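If you want the building blocks of each chain, they are given just below.
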Amino acid sequence: VSVSDVFADHMFTKLETRMTGCGWPSVRQYWENDFKDRKIISGFMKDSLLGSKRLASMPDRITNTINVAGSDQPVCRPTVINMYDGDLDTLDQWWSAWETFMFDTDLEIKTKKGVEKKAPYQMLQPIKKAKYPDITEEEEKVSLPLQTMCGAIFDAILVHMLNTVSDEWQPLKRAMVENLNKKKVPKTLDILETETYIKSDIITLQEVSAAFIDQAKARPKLAEAFWMVAPENMDAVRDQNSVIFLRKETFPDGSNSEISVESSFEEGVKVPVAKGDILAITATDVDGISFVIASFHGDTNGLATKPVLDAILKAMSSDSSLAGHKLLFGLDANTYEKAKPGKQQDVLEFGTHYVARRLTSCWGDVPDPKNYTTFNSRTYLQPQLNKACKKSDKRKNGDVNPKDFILFGKDAFAVESMWKDNTGEKKYLEDTAFPTMKFPSDHGILAAVLKPISSESCEA
């Protein structure tokens with residue numbers, strides 16, 4: 001089955017008219033010379049290069065589920081892989097809903113400047129070669145219309161596949177949505193409210209939505225316990241932000257200031273970070289001890305992890321007001337047990353890197369490459385096609401890696417105890433893929449009780 005048998009020529013022509021009407025360049029040459037004749041499975045769904053270029057996953061990331069101002073319910077793109085509850089019985093029904101959603105639906109989006117009205121196509125962001133090196137320079141120039149076309153093809157294929165396989169897939173999807181999507185934030189907050197985590201002094205979170213923060217603040221138990229700190233340049237479009245919770249009893253004044261980390265990147269070096277990925281703040285605890293506390297979500301390949309760490313340390317050393325501050329850094333480093341040389345960040349090499357900067361981690365100076373904090377695998381019903389695998393290969397080809405760290409000064413703290421958790425019950429099941437119906441995250445919780453050198457212990 002060819003792509004044009006599913007996403008028909010008349011659909012592309014209409015899409016092209018809508019995109020050029022937005023002022024975007026035409027991508028008809030990509031359609032005519034490449035995409036329309038691809039086979040939907042071997043040529044599109046199994047194309048790992050399409051995945052690494054983010055041509056399907058980037059528009060999905062932005063438009064899959066959009067949190068809107070003044071509503072507890074997000075707006076969803078008409079697709080198989082989200083909470084969209086409209087009828088997807090035929091491709092014509094899907095296409096009509098999809099086109100209207102992308103180009104004619106004005107949504108009220110909360111930003112730092114206030115509430116702004118945008119249609120979903122206006123939220124899309126260019127795909128930068130600096131962050132996704134597999135995309136060509138020519139594709140980068142037309143990445144907005146190209147990703148929109150690929151996103152439409154991807155959604156059309158999914159609708160075709162599911163309707164071909166079964167006429168009962170939509171009720172099954174709605175049951176899964178109820179448990180894995182609609183309850184994701186409430187389940188995460190439930191875990192943070194347990195006795196295990198509500199007493200934490202510091203919680204660093206990554207890939208957090210604005211709706212998550214709003215719902216957390218609306219919970220009396222969490223609101224009473226924590227200051228909730230988000231980046232000044234919070235990303236309201238991608239809606240994936242690094243956030244820090246500070247226990248009010250430990251940090252009575254909350255955050256003192258936010259540190260501009262990006263300004264400390266090495267000149268001329270392109271670091272693959274997006275708005276909202278980094279949050280670094282200063283705070284003073286009840287005993288008068290000053291801290292720099294940071295939260296960071298690394299890029300998929302972990303190539304930003306070392307530059308971001310170095311930039312934080314540079315920012316601290318170049319500002320005399322930060323002299324004497326102690327660093328606590330919780331991060332999704334996206335490091336790998338068996339990294340592809342030059343393309344992914346090796347976990348042992350990262351260990352060598354932070355030790356050379358007089359830091360250590362909750363794992364010690366030498367992290368165990370087999371001490372995993374992720375175990376997830378992706379089916380083909382998702383847009384990062386380079387990560388998809390069969391059920392029988394889920395451990396072999398899935399993302400099973402030691403990705404998460406808590407970093408701190410080697411002379412400042414010692415680890416009193418630590419644990420990882422993929423159940424919400426302070427237990428980690430090594431052979432269990434997650435998220436599950438009970439545990440909502442694709443990264444395990446990493447926790448440590450740190451004992452300041454010659455002082456009392458604190459939990460991070």
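Residues numbered from 1 in each chain as written. Predicted model: local features only at pLDDT ≥ 70, side-chain atom pairs only at ≥ 80, totals over all residues. Heavy atoms only, no water.

(A) A look at a negative patch on the surface. Taken together, Asp87, Asp89, Asp167 and Glu168 make up a surface patch of like negative charges. Looking at the secondary structure, you find Asp167 in the loop between α10 (143-165) and α11 (169-180). Classification of Asp167 as exposed rests on a relative accessible area of 73%. (Patch = residues over 30% accessible without salt bridge, like charges linked within 9 Å, V, L, I, M, F, W, Y side chains within 5 Å. Areas by Shrake-Rupley, 256 points an atom, 1.4 Å probe, with all protein chains shown as cover. Salt bridge = Lys/Arg side-chain N within 4 Å of Asp/Glu carboxyl O. Lys, Arg positive; Asp, Glu negative; His and termini not counted. Charge placed at Lys NZ, Arg CZ, Asp CG, Glu CD. Helix = DSSP H or I, 4+ residues; strand = E, 2+ residues; numbered from the N terminus. Buried < 20%, exposed > 50% of the residue type's maximum accessible area, 1.4 Å probe, protein only.)

(B) How the structure looks around the nonpolar core. Core analysis: the biggest nonpolar cluster contains 62 residues, and Phe7, Leu15, Phe35, Phe44, Trp94, Met149 and Ile153 have the highest contact counts within it. Per-element accounting of this core gives the leading share, 11 residues, to α10. Non-local contacts of Phe7, meaning those with residues more than four positions away in its chain, are made with Phe12, Leu15, Trp31, Trp94, Trp95, Ala152, Ile153 and Ala156. Residues Ile259, Ala280, Phe405 and Ala448 belong to the second largest nonpolar core, which totals 48 residues. (Core = buried A, V, L, I, M, F, W, Y, C linked by side-chain atoms within 4.5 Å. Contact = heavy atoms within 4.5 Å.)

(C) How the structure looks around unusual backbone geometry. The linkage connecting Phe434 with the following residue, Pro435, adopts the cis geometry, with an omega of 20 degrees. If you trace the backbone, Pro435 turns up in the loop between β16 (413-421) and β17 (445-452). Located in the positive-phi region is Arg358, a residue other than glycine, with phi close to 60 degrees. Take Arg358: it is sitting in the loop between α17 (347-355) and β14 (359-361). Residue class for Arg358 comes out exposed when judged on its relative accessible area of 59%. If you check the backbone angles, Lys426 has positive phi at about 65 degrees while not being a glycine. Within the secondary structure layout, Lys426 lies in the loop between β16 and β17.

Just distances and angles here, no functional claims.
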